[in-house]
Amino acid sequence: MKKTSRRDFIKISTLGVGGLTMLNPVLNWVPGFMPKEKTPVDESKAKRFPTFCEVCFWKCAGFTYLNDEGNIQKIVGNDDDPHSNGRFCPRGTGGVGLYYDNDRLKEPLMRVVENGKSVFKPVTWEKALDFIADKMKIIAKKHGPESMALLYHASSGSYFHHMLEAYGTANAAKPSYAQCLGPREAAFVATFGAGLSSPEPTDVKNTKCLVLIGNHVGENMHNGYVQEVSDAIDRGASIITVDPRFSTIASKSKFWLPIKPATDIALLLSWIHVLIYEELYDKKYVEQYAFGFEELKLHVKNYTPEWAYTQTDIRPEDIRNSAYEMAKASPAVIIHPGRHTTWYGDDTQRLRAMAILNALLGSYGRKGGFYFPESKKVPEYPSPAYPHPKWTWKDITKPTYKGAGTGLANDLIKASLPNSESPYKIKGWFVVGTNLLTTVPDKSITLKAIQNLELMVVVDTMPMEITGYADIVLPECTYLERYDDIRSNQHRYPNIALRMPAAEPRWQSKPGWWIAREIGVRLGLQDYFKWTNVEEELDWKFKQMGTSLEEMQKIGVKVYEKHKPLYLADGEEYFFNTNTGKIELYSIDLEEKGYDAMPRYTEHKQPDDQFYRLIYGRAPMHTFGRTVNSPHLSDLMSENTLWVNPSVAKIWDLHNEQYIWLKNQDSVISSFPIKVRITERIRHDSVYMVHGFGKTNDKLSRSYGKGIDDTELITNVKIDPIMGGTGMRENFVTFVTKNPHQKEQNA
Ligand SMILES: Nc1nc2c(c(=O)[nH]1)N[C@H]1C(S)=C(S)[C@@H](COP(=O)(O)OP(=O)(O)OC[C@H]3O[C@@H](n4cnc5c(=O)[nH]c(N)nc54)[C@H](O)[C@@H]3O)O[C@H]1N2
Ligand SMILES: Nc1nc2c(c(=O)[nH]1)N[C@H]1C(S)=C(S)[C@@H](COP(=O)(O)OP(=O)(O)OC[C@H]3O[C@@H](n4cnc5c(=O)[nH]c(N)nc54)[C@H](O)[C@@H]3O)O[C@H]1N2
Ligand code: SF4
Ligand SMILES: [Mo]
């Protein structure tokens, strides 16, 4: 067996289709704002197993039900669960499809060269695991264990994290930081001394005014949040939406401000200006809790609505009136900081402006603003201390991005490039449940890094783009077929949830905890895995938390008493975890690190003639690319469309449903075409698509070649100087109406 020098993409062959026939559970959901009703279940016949959803990161808890034949039928929300309140979103309901998808990875695969060509050969688990452990031992000897990195975004990643820390490396990153909520966390840490984390502690339940900057709730289907927003609308709370696109939530809003993309900081600064100069801010709160008010006042002096209009296209009276609306609701107002915040590179500062607005309106720690969440600590199963790594991601990242709060996927990828001058070199990856090629821009860098690795292990459920580049592909079973670590997220009340299997793993797939443990044992790290199976480990942990595995298997969710109040008491003394102990309108920490202490507006590039800014978002029935091949969800939306303003369509003579290709500013052309959707709901300077489509692996039978992958066209990445996130919205595309790949296809 020879190893290839180049990791070219290998298509995973479909093997015989396994025994189970596909069921067609009813999707109790109508396309629209949100599911209101629950699915009735015949409790007398059904067998149910608690779980929490892995289709997105809201992690709703529910029960998986079997039908009379003992096959998985449906997933229903757990009434005791604060994330779901007993209701699942369409994607969560359709999660059954991830289990029934016959395109799934079925057995371990190893890259070998046959007749000069790289192919994947099915191998036994024994062989695959031995190979990985042997390789890891060699890498530890040659380069030190620190040169192995974990890139992960599946719940089971925690077991790989444990195994790799025991092996000697702390290099790990999730794309949910530097490609998602990192700027928000950095900004809230700088302002309030604490990040927001997940689920966001926004008190939408009690709010009178919700301000959404891009945040497109309703298309972004975070369950409990969507439910609270829906109730808020019914209650008559006013919604202010700032979006270049008339989003679902814009249609429910009192104000829709169709901002020129990339100019949000101008709008935010002018709102701050109005609140301060028209004395509409919460004076008592600011006086008691905030630091740097006078500096801020001076700083925003010239950021008038009239000035902001020249940048944002939003009329001064709309800026003023929307500011009055917020002030009227104060402190029961939320300037929602959103979640996917890596947009234009100056993202931490944009989020700082939002945090500052919340401070001026007195909403942090107040009813109808942000509440103080609580979570239950999960005890660690007894195991030896980890060895102390000689270096970590901090040595790579922190000298440049001083505000980074966790490892950055993009920085660990860069540290894997061949000619990196840094002494901190990454030589091997574990990729667990993250499709890096469609997740981290710029894709060409990831591909270069991959060529330089000595070991690349991909643990996934599906033959996604990233699996094709692995040395070893390990098929993980889906969340419906496995245990995982205890869910313990923050909420109004501390709570925990159990995930347990409702079915045997299909084919030869295995749970992540088992895979990580088997590799650990082969590395001689059995002391770190003193349990023989995960039930033993979970039961031990549950018992420390006043319950047991047996009880949790019945109830699924346990909610605990609270220890601290949700809100600040009137005039209560409170210490914020910042340099000054106060809410820092003027950030001492950012200043000391060499960044602007207060957000400044800088103009961003706008599209050249014949080009349009590429913006993207979510669709209610899909999560990124992880659901687009689902037998249940692909029926609801099988491809993305390109939103084009009618005035633009006219210039280009485009018509609805026409398929076109896109070319970006760096002449990258999309692999596949996309259907045009002509609509007034998008500005003339931008085009919009849902992220997650345009799958390039033809083993994905339902999603291959359907629509465009936005990531392909994101080659200009604006890195946030504070926390190192990858700003993705400074890419411009033009239309290609004739098939640019025709020649290749005919050749
Ligand atoms: N262009 C562009 N890039 C983006 C975004 C965007 O909107 N546009 N969004 C950004 C954001 S906000 C985020 S959070 C990230 C998300 O980034 P990712 O989480 O990487 O996104 P997915 O494409 O869903 O990839 C998930 C991978 O996990 C696999 N998987 C699913 N379930 C399991 C499981 O149980 N076990 C294992 N082992 N694998 C599993 C899937 O098959 C898939 O390969 O992407 C970021 N990148
Ligand atoms: N159904 C579903 N729900 C999801 C997910 C999913 O995959 N599917 N993913 C989850 C995850 S991980 C995340 S992080 C969140 C992401 O959800 P959000 O945090 O809501 O994501 P954003 O990127 O803020 O929202 C995209 C919106 O920003 C608008 N926009 C584009 N450019 C600009 C601009 O310059 N200024 C302004 N003001 N708006 C702009 C777009 O038109 C679009 O409406 O969604 C979560 N919820
Ligand atoms: S919001 Fe929907 S997809 Fe996300 S965890 Fe909850 S049910 Fe699953
Ligand atoms: Mo995200």
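Rules used throughout
- Residues numbered from 1 in each chain as written.
- Chains lettered and ligands numbered in written order.
- Predicted model: local features only at pLDDT ≥ 70, side-chain atom pairs only at ≥ 80, totals over all residues.
- Heavy atoms only, no water.
- Buried < 20%, exposed > 50% of the residue type's maximum accessible area, 1.4 Å probe, protein only.
- Helix = DSSP H or I, 4+ residues; strand = E, 2+ residues; numbered from the N terminus.
- Contact = heavy atoms within 4.5 Å.
- Near = heavy atom within 4 Å.
- Polar contact = N/O pair within 3.5 Å; in protein donor to acceptor, adjacent residues only side chain to side chain.
- Areas by Shrake-Rupley, 256 points an atom, 1.4 Å probe, with all protein chains shown as cover.
- Domains from an automatic or database assignment.
- Phe/Tyr/Trp six-rings, centres within 6.5 Å; stacked < 30°, edge-to-face > 60°.
- Lys NZ or Arg CZ within 6 Å of the ring centre and 35° of its normal.
- Pairing = 2+ DSSP bridges.
- Axes fitted to C-alpha atoms, helices over the stretch in contact; angles between N-to-C directions.
- Buried area = accessible area lost by both parts, 1.4 Å probe.
- Expected span 1.5 Å × (residues − 1).
- Bend = angle between axes of the 7 residues up to and from the residue.
- Parallel < 35°, antiparallel > 145°, perpendicular 65-115°, else oblique.
- Left-handed = near helix turned anticlockwise from the far one by under 90°.
- Nonpolar A, V, L, I, M, F, W, Y, C, P; charged D, E, K, R; others polar.

A. Summary view of helix α4 (residues 157–167). Buried residues dominate α4, accounting for eight of its 11 residues. Looking only at α4, the buried set comprises Gly157, Tyr159, Phe160, His162, Met163, Leu164, Ala166 and Tyr167. Its buried side turned inward, α4 meets α3 (125–143), β6 (148–152), β13 (428–432), β14 (455–460), α17 (512–522) and α18 (534–544). Positive backbone phi, at 125°, marks Gly168, one or two positions downstream of α4.

B. How the structure looks around the side chain of Asn489. Looking at the secondary structure, you find Asn489 in the loop between β15 (472–475) and β16 (495–497). Overall, the relative accessible area of 18% leaves Asn489 in the buried class. Beyond its immediate stretch of four places on either side in the chain, Asn489 contacts Lys59, His83, Ser198, Pro199, Glu374, Ser375 and Asn495.

C. Here's a closer look at the environment of Glu551. Summarising the element assignment, Glu551 is placed in helix α19 (residues 549–555). For Glu551, a relative accessible area of 32% gives the class partly exposed. The spatial distance from the C-alpha of Glu551 to the C-alpha of Lys699 is 41 Å, given a sequence separation of 148 residues. When sequence neighbours within four positions are dropped, the list of residues in contact with Glu551 reads Gly546 and Lys558.

D. A look at the site of ligand 2. In the neighbourhood of ligand 2, 32 residues make up the surrounding shell, with Asp243, Asp264, Tyr344, His622 and Arg729 lying closest. Arg729 places a side-chain nitrogen or oxygen 2.6 Å from an oxygen atom of ligand 2. Look at ligand 2: alone it shows 910 Å² of surface, and the protein chains cover 99% of it. Three or more residues apiece are contributed to the shell around ligand 2 by two domains, here domain 1 (190–373) and domain 2 (612–746).

E. Region of interest: the packing of aromatic side chains. Within this structure, the stated rule accounts for 31 aromatic pairs. Here Phe160 and Phe430 contribute two aromatic rings whose centre-to-centre distance is 6.0 Å and whose plane-to-plane angle is 40°, an arrangement assigned as tilted. With Phe160 in helix α4 and Phe430 in strand β13, the pair connects residues that are 270 residues apart, well separated along the chain. With respect to burial, Phe160 and Phe430 carry one shared label: buried. Ring plane angle 75° and centroid distance 5.9 Å describe the contact between Tyr289 and Phe576, whose orientation is recorded as edge-to-face. Here Tyr289 is found in helix α8 (residues 283–289), whereas its partner Phe576 is found in the loop between β17 (557–559) and β18 (583–584), with 287 residues between them in sequence. Taken together, the aromatic side chains of Phe188, Phe192, Tyr285, Tyr289, Tyr364, Phe370, Phe372, Tyr574 and Phe576 make up a single cluster linked through ring pairs. Lying over the aromatic face of Phe52, Arg499 brings its terminal NZ or CZ to 4.1 Å of the ring centre.

F. How the structure looks around the site of ligand 1. Close contacts around ligand 1 come from 29 residues, with His153, Thr434, Asp460, Glu476 and Arg626 the closest. One of the side-chain nitrogen or oxygen atoms of His153 is found 2.5 Å away from an oxygen atom of ligand 1. In the model, a nitrogen atom of ligand 1 is placed 2.8 Å from a nitrogen or oxygen of the Glu476 side chain. At the level of secondary structure, the elements contributing two or more residues to the shell around ligand 1 comprise α5 (175–192), α15 (436–439) and β14. The biggest single contributor to the shell around ligand 1 is α5, with three residues.

G. Up close: the sheet that holds strand β10 (residues 255–257). What the four strands build is an open sheet, ordered β10-β9-β8-β12; its pairing is parallel. Every other strand in the sheet has two partners, leaving β10 and β12 (333–336) as the edge strands with one partner each. On average, each strand axis in the sheet is tilted by 10° relative to the strand beside it, whichever way the strands run. Each of β8 (209–213), β9 (238–242), β10 and β12 is contacted by helix α11 (residues 316–329), which is oriented at about 135° to β10, the strand it contacts most.

H. Region of the structure containing the domain arrangement of the chain. Domain boundaries assigned for the chain yield domain 1 (190–373) and domain 2 (612–746). Each of domain 1 and domain 2 has a C-alpha centre, and these two points are 29 Å apart. Contacts between domain 1 and domain 2 engage 26 residues on the former and 26 residues on the latter. For the pairing of domain 1 and domain 2, the buried interface totals around 1,900 Å² over both sides, and the portion due to carbon and sulfur atoms is 54%.

I. Quick peek at α5. Here α5 contains 18 residues, and its C-alpha end-to-end distance of 24 Å stays within 8% of the 26 Å for a straight helix at 1.5 Å per residue. The sharpest bend along α5 measures roughly 85° and falls at Leu181, with the proline Pro183 sitting one to four residues further on. Burial within α5 is extensive, with 17 of its 18 residues counted as buried. In the stretch just after α5, Gly193 is the one whose phi turns positive, near 80°.

J. Representation of the sheet that holds β13 within the structure. The seven strands are arranged β5-β4-β15-β14-β13-β6-β7 in an open sheet whose pairing can be described as mixed. What marks the edges here is a single partner per strand, and that holds for β5 (117–122) and β7 (172–173). By the bridge criterion, six bridges tie strand β4 (residues 109–114) to β5 in an arrangement that is antiparallel. Directly across from Val113, in β5, lies its bridge partner Ser118.

K. Representation of the packing of helix α7 (residues 264–277) against helix α12 (residues 347–360) within the structure. Taken N-terminus to C-terminus, the directions of α7 and α12 make an angle of 20°; their axes are 9 Å apart at the nearest point. Comparing the axis directions of α7 and α12 gives the class roughly parallel. For the pair α7 and α12, the crossing hand works out as left-handed. For the pair α7 and α12, the contacting residues are Asp264, Ile265, Leu268, Trp271, Ile272, Leu275 and Ile276 in the first and Gln349, Arg350, Ala353, Met354, Ile356, Leu357 and Leu360 in the second. Grouping the constituent residues of the contact of α7 with α12 by class yields 11 nonpolar, one polar and two charged.

L. Representation of the pairing of strand β19 (residues 612–617) in the model. For β19, the buried fraction is high: six of the six residues fall into the buried class. Taken together, the two bridges between β19 and strand β26 (residues 732–736) define a ladder with antiparallel strand orientation. Among the inter-strand pairings, Tyr612 is bridged to a residue of β26, identified as Val733. Here β19 pairs with strand β23 (residues 686–690) via five bridges, running parallel. Counterpart to Ile615 in the pairing with β23 is Tyr688.

M. Spatial organisation of the packing of α5 against α12. Between α5 and α12, whose axes approach to 8 Å, the crossing angle comes to 45°. Our classification of the angle between α5 and α12 gives oblique. Here α5 and α12 pass one another in a crossing that is right-handed. Residues Pro183, Arg184, Ala186, Ala187, Phe188, Ala190, Thr191 and Phe192 of α5 touch α12, and the partners they reach there are Asp347, Thr348, Leu351, Arg352, Ala355, Asn358 and Ala359. A class-by-class count of the residues in the contact of α5 with α12 yields nine nonpolar, three polar and three charged.

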